[in-house]
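Observations on the three-dimensional arrangement
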Amino acid sequence: MNARLFPLLLCLWPAAAAAQGFAGLGTAAQGFALPDPGWTPVFPADHGAHEMFRIEWWYLTATLEAADGTPYGIQWTLFRTALAPGGAPEDQLWMGHAAITTPDAHHVAERLARGGTGQAGVTADPFAAWIDEWRLEGVLEGESLLFAQGPDWSFDMRLRAEGPVVLQGEAGYSVKSPQGQASQYYSMPFLAIEGVLTLPAGDVAVTGQAWLDREWSSQPLAAEQTGWDWFSLSFETGEKLMGFRLNARDGTAFTSATWIAPDGTPAPYSDGAFTAEPLATARVAGREVPVRWRVTLPERGLDATVAALNPQAWMDVSIPYWEGPVTVRGSHQGRGYLEMTGY
Amino acid sequence: MTGLAGTASRALLSHWRRHPLQLFTLIAGLALATALWAGVQAINAEARASYAAASQSLDGARLVRLLPPPGRTISEAEFVALRRAGWLVSPVIEGRWGGLRIIGFDPLTAPAEVAPVALARGAEFGAFLSEEGAFAAHPETFGTLEGTGASLIGREDVPPGTALTDLRMAARLLGREGYSHLLLAPVQPLRRPPLEDVAPHLRRQEPGMHADPGALTESFHLNLTAFGLLSFAVGLFIVHGTVGLAFEQRHATVRTLRALGMPLGGLIGLMAAELAFLAAVAGLIGLVLGYLVAAALLPDVAGTLRGLYGAEVAGTLRFRPGWAASALAIAMAGTAIAAAGALHRLVTMPLLAGGTRRGGARWAARRAIRQAGAGLALLAAALAAALWGRGLVMGFATLGALMVGAALLLPLLLDRILSAGHRLARHPLARWAWADARTELPGLSLAFMALLLAMAASLGVSTMVSSFRETFRAFLDQRLAFEFYVQADTPEEAEQLLAALPEGVRAVPVMGVDLVLAGQPAEILALRDDPVYRANWRFLAARPDPWDRLAAGEGVFVSEQLARRAGLWPGTGLEIVPGLIRPVLAVYADYGNPLGQAILTEELFRTTFPGVEPLRFALHVPPDAEGILPANLSAAGLDPARLVDQHAVKTLSMQVFERTFAVTAALSMLTLGVAGFALLMSLLTLADMRLPQLAPVWALGVRRATLGWTELARALGLAALTGLVALPLGLMLAWVLLAVVNVEAFGWRLPMKLFPLDWLRLFVLALLVAALAAAWPARHLARTPPGRLLKVFADER
């Protein structure tokens, strides 16, 4: 899933909602469309924006490797949030985050834009998602291009789909809390990626595996949920796992996972099946962040240690969080991405 | 030793107990000096803090800007094209609304150094982007914004009169489409095409090219600082005199203490500590007084700066610890300077030397000659600086050298005049009075030097004020030659407006664009050849037939500021836009405008800047149409409030200038007051010591009342002589202010005008101050009991 930047975007909300006379989080979905358990995706239309919903994202992460074996990771995300219901373009705010993680450095940039001007947006057919000069465009089920840059770095990549779209949760309806908050959620975890990273030290040609998450919703998380840990793991067997743990203020957690077969067949697991426990923390940006985890999904025989490639992969943006590539060792070997918020 | 030190300090301190007046003089003089200095500094600090906030965090004055072609705005499409090419630019809409300066930002793209709200501060960010909108403004400005229904966010660093808001809110309020300019983020991404390829029409403007209120107002603050310094100097004269006297009177005590075994070092240490303590007390009092002075003057200063330069300064004073520390430090340093001579004499004094009063007349005469020599050297330096110096600092150096030089010359001058008077007098009592005045001169000369400085400053400033006022009034008559001015918001409204004008009203369009001329921020105006202009305009320099040649498009007029800054006088050429060069036909005065200005004929303007639509019109209204003009506009659905009466503009402009000088006038009066205080204290101090000289005269049969009157007459006579010296000095000061400082600071030179009535007023005022200062000592003398006078002879033995 990508409960990911859910609350992040909602940080904007209390303010905007209060300014508009809404009562706050409890009724904050007022006027917006709600996720539908009976939803059937239609492509390429659903690659585009769903403006009747409050929040939405196009979230791409990739684990990469240079010719000399050095591992890298990149992130490219575009968030949309609506300031008011009704889907008017000028009520949309857009936010882009991009990053390159190397074993010893982490480069981050952020862009913001208001809707209705053309500075940022998403079109479904032909597919294009952009903010300023950053872009993800082409045919997602076929070949597409990805670009982002910061003051002294950039990535310029080509993507090729090698597997199907995977619906998360119950046929794309992903539950986020025991109270039933949910989102519409699908992934494209079978994307081959190659291209050039431009780093302060020079250009590096890389290849690897990318994972695109698409998610939209209108409801906030439950009020007591303070943060989350989200894993997208690709194993050497060709199998994949999406798992998340939503942390509540009282120390309890709500978990959910999808086991994805090499042919893309998903098997969803509800609360409690998937576990994730911190093993070690690192001092990052003045706080303790877990950078080694034990993750288990007993029903699939998974019991592995997930470790950050670079513990300092801190996203120092308007609303900061941790996001970076990880390695998997244990019952399964592999690579993936980890996102953590609320630390 | 401790016992001796204790005894010594008690003995030294007992001096102040026996001479409370001296103690009062010392503390009051230092406190007054500190107060004036600190007051001026407080005003300056407050204003500078306001500019810093304005130019750094608000309009991105430190950032590169991209400007549209003159007279145009930047479209949303141009902005998006730049962003999508990888250029991090952020749009700004700027304009005036209901008397406020509105700056509309895009909080999503604004560079961090100007962003009015940050995403991380969710509530304000949301309010900014909401339908109702929000303003970030100084709480003083809230009143004007309350009717808008928007949320108001209090920001102390936003100058009063300015409101920051979202781009869309600003566009709606100002009725604008398109952006005023784009701010270029200081850090740009790695790859992007050349700017010219993406936005060929936009011009890069480097930071500092636009009018910076800091630079423009600097001269105003220099003026204030000069006054503060002058007041401080006058105060130091008092302290110097008092400390010198007190130390002299304590020579006997010092001799006794040293004879008792008190080491010189310890003694000096004790006296220095004593002075430091007194300076600290006086400094604290001065700080409080200075704060009061500043708080009283600041609203006027704020008004002046706003009116003159559009620089916004908060009308309320904040307490700044740095300011307090610097004021205390200067009080200490001033005392140290004033006391250095006295301490030095104490060190070099032979252990057994007797206390001589002022070292005798011959010593005083030698000192007067030495001082006069230094004074002449300073006057020569002032002359050299005036002739060959450049820059504002040199202007002030000229001022300083002139004033101090003249003050140093004064004692010798007075001495010579008194000596001449003595030679001419026949009556014995008169001869005695002249001679006595000469003897007393060394004790009084510091006070009269202070009076000279204060009078000259007052005279110089009042001459400058009056010259300015006269010139400016004439200039306003020339520039605001039309009866009414009217402003439309859109070209459509302008058409409507012209159609609604009554029969007989002539409308002349006033069009202008801001741009850079000869490397200077400037504006270009279009002028339609009109008899009203020809009849009213006067030039500072012109070629023959300037109006006809302007009308033929053969050249341009330039303002004095532009002419002086860029050396553009008749006979040179001005590049208006790249490739278009026209000769300068005439230079006109444009007082009070920080920007340079050039004037083209309307036809040339329209072909050069085709995008500019005339929105402002000057109206020549025959008397019979004046009454129906507002009604006609109302009938056409236009707000008659748009009509600006030239009388109103003139009144407003004059008010601004009056306020500017109210501040300097207040400061010069305060300085005069301090000088009067110095005189009073000198006379009071001398009064007691003079009994040995007066007693014999009394014994010869001169009545005490006569002696009292003589005292008063002497003070008045010396004040009058000082006044006579102050007159030429003040005029020279005015000349330096008008012809040197003003040109360097503002770029224009004012003709100097003379106002003999003002001189007379000041002269009378100075005599009044002297009379007030001398009245009490004279009365005291007239009522001295005969017993005390007799005691002089008894004491002499």
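Residues numbered from 1 in each chain as written. Chains lettered and ligands numbered in written order. Predicted model: local features only at pLDDT ≥ 70, side-chain atom pairs only at ≥ 80, totals over all residues. Heavy atoms only, no water.

1. Looking at the overall build of chain A
Scanning chain A from N- to C-terminus turns up two helices and 23 strands. For chain A, the exposed surface amounts to about 11700 Å²; the carbon and sulfur share of it is 53%. (Helix = DSSP H or I, 4+ residues; strand = E, 2+ residues; numbered from the N terminus. Areas by Shrake-Rupley, 256 points an atom, 1.4 Å probe, with all protein chains shown as cover.)

2. Focus: the packing of aromatic side chains
Residues and elements named next belong to chain A. Using the criterion set out here, one finds 15 aromatic pairs over all chains in the structure. On the numbers, 6.0 Å between centres and 65 degrees between planes, the contact of F231 with F274 is edge-to-face. Of this pair, F231 sits in strand β14 (residues 225-235) while F274 sits in the loop between β17 (266-269) and β18 (275-284), and the two are 43 residues apart along the sequence. Residue class for F231 comes out buried when judged on its relative accessible area of 0%. Taken together, W39, F43, Y186 and W216 form an aromatic cluster joined through their ring pairs. (Phe/Tyr/Trp six-rings, centres within 6.5 Å; stacked < 30°, edge-to-face > 60°. Buried < 20%, exposed > 50% of the residue type's maximum accessible area, 1.4 Å probe, protein only.)

3. Thoughts on helix α3 (residues 76-84) of chain B
Listed in full, the buried residues belonging to α3(B) are E78(B), F79(B), V80(B), L82(B) and R83(B). On its buried face, α3(B) sits against β4 (105-114) of chain A together with β1 (65-67), β2 (89-97), β7 (181-184) and α7 (195-198) of chain B. Positioned one or two residues after α3(B), G86(B) has a phi angle of 105 degrees, which is positive. (Contact = heavy atoms within 4.5 Å.)

4. Some remarks on the nonpolar core
Ranked by internal contacts, the top residues of the largest apolar core, which has 66 residues, are F448(B), L452(B) and L718(B). Only α13 (392-424), α14 (428-479), α22 (646-689), α24 (704-746) and α25 (756-782) of chain B provide two or more residues apiece to this core. Tallying contributions element by element places α14(B) first for this core, with 18 residues. Not counting residues within four places of it along the chain, the set of residues in contact with L452(B) comprises A406(B), A407(B), L410(B), T722(B), V725(B), A726(B) and L729(B). Formed by 38 residues, the second largest nonpolar core is a distinct cluster that contains W76(A), W94(A), A113(A) and L199(A). (Core = buried A, V, L, I, M, F, W, Y, C linked by side-chain atoms within 4.5 Å.)

5. Structural notes on the side chain of Q597(B)
Residues and elements named next belong to chain B. Within the secondary structure, Q597 sits in strand β16 (residues 596-601). Q597 sits in the buried class, given a relative accessible area of 4%. For Q597, the side chain forms a polar contact with the side chain of Y588, separated by 2.8 Å. (Polar contact = N/O pair within 3.5 Å; in protein donor to acceptor, adjacent residues only side chain to side chain.)

6. What about the pattern of salt bridges?
Per the stated rule, a full pass over the model turns up 27 salt bridges over all chains. When the shortest N-O distance is used, the salt bridge between E288(A) and R283(A) registers 3.4 Å. We classify E288(A) as partly exposed; its relative accessible area is 40%. Note that D415(B) is salt-bridged to R416(B), the shortest N-O span being 3.9 Å. Relative accessible area serves as the criterion here: at 11%, D415(B) is assigned to the buried category. (Salt bridge = Lys/Arg side-chain N within 4 Å of Asp/Glu carboxyl O.)

7. So, the interface of chain B and chain A
Across the boundary between the two partners, chain B contributes 31 residues, which contact 32 residues of chain A. For the pairing of chain B and chain A, the buried interface totals around 2500 Å² over both sides, and the portion due to carbon and sulfur atoms is 58%. Applying the counting criterion to the chain B and chain A interface returns three salt bridges. As a salt-bridge pair, R114(A) and D106(B) come within 2.8 Å of each other at their nearest N and O atoms. Mapped onto the side of chain B that touches chain A, the elements with two or more residues apiece are α3, α4 (122-129) and α6 (167-174) of chain B. (Buried area = accessible area lost by both parts, 1.4 Å probe.)

8. A closer look at helix α15 (residues 491-499) of chain B
Given 3.6 residues to a turn, an α-helix orients residues that are three or four positions apart in the same direction. Residues and elements named next belong to chain B. Looking only at α15, the buried set comprises E493, A494 and L497. Considered in projection along α15, the buried side chains sweep an arc of 105 degrees and stay on one side of the axis. Those residues of α15 that are exposed and aimed more than 90 degrees away from the buried face are E492, E495 and A499. Looking at the buried side of α15, the elements it contacts are β9 (484-487), β17 (616-620) and α21 (629-635). (Arc of directions from axis to C-beta.)

9. Some remarks on the sheet that holds strand β8 (residues 203-205) of chain B
All names here are of chain B. Here we have eight strands laid out as an open sheet, ordered β5-β4-β6-β3-β2-β7-β1-β8, and mixed in their pairing. Pairing within the sheet leaves two strands with one partner each, and these edge strands are β5 (151-154) and β8. Adjacent strand axes in the sheet meet at a mean angle of 30 degrees when their direction is disregarded. Against the sheet, α3 contacts β1, β2 and β7, and its axis sits at roughly 155 degrees relative to β2. (Pairing = 2+ DSSP bridges. Axes fitted to C-alpha atoms, helices over the stretch in contact; angles between N-to-C directions.)

10. Description of the environment of M52(A)
Residues and elements named next belong to chain A. Inspection of the secondary structure puts M52 in the loop between α2 (12-19) and β1 (55-66). When its relative accessible area of 43% is taken as the criterion, M52 is described as partly exposed. Between the C-alpha atoms of M52 and W216, which are 164 residues apart in sequence, the distance is 9.9 Å. Sequence-distant contacts of M52, that is, excluding residues within four places in its chain, are made with F32, A33, G86, G87 and S218.

11. Comments concerning unusual backbone geometry
Residue and element names in this part refer to chain A. A cis amide bond links F43 with the next residue in sequence, P44, at an omega value of 10 degrees. Relative to the assigned elements, P44 resides in the loop between α2 and β1. A cis amide bond, omega 0 degrees, links D125 with the succeeding residue P126. Within the chain, D132 stands out as a residue other than glycine whose phi angle is a positive 50 degrees. Mapped onto the elements of the fold, D132 is located in the loop between β6 (127-131) and β7 (134-138). Exposure remark for D132: the relative accessible area of 0% places this residue in the buried category.

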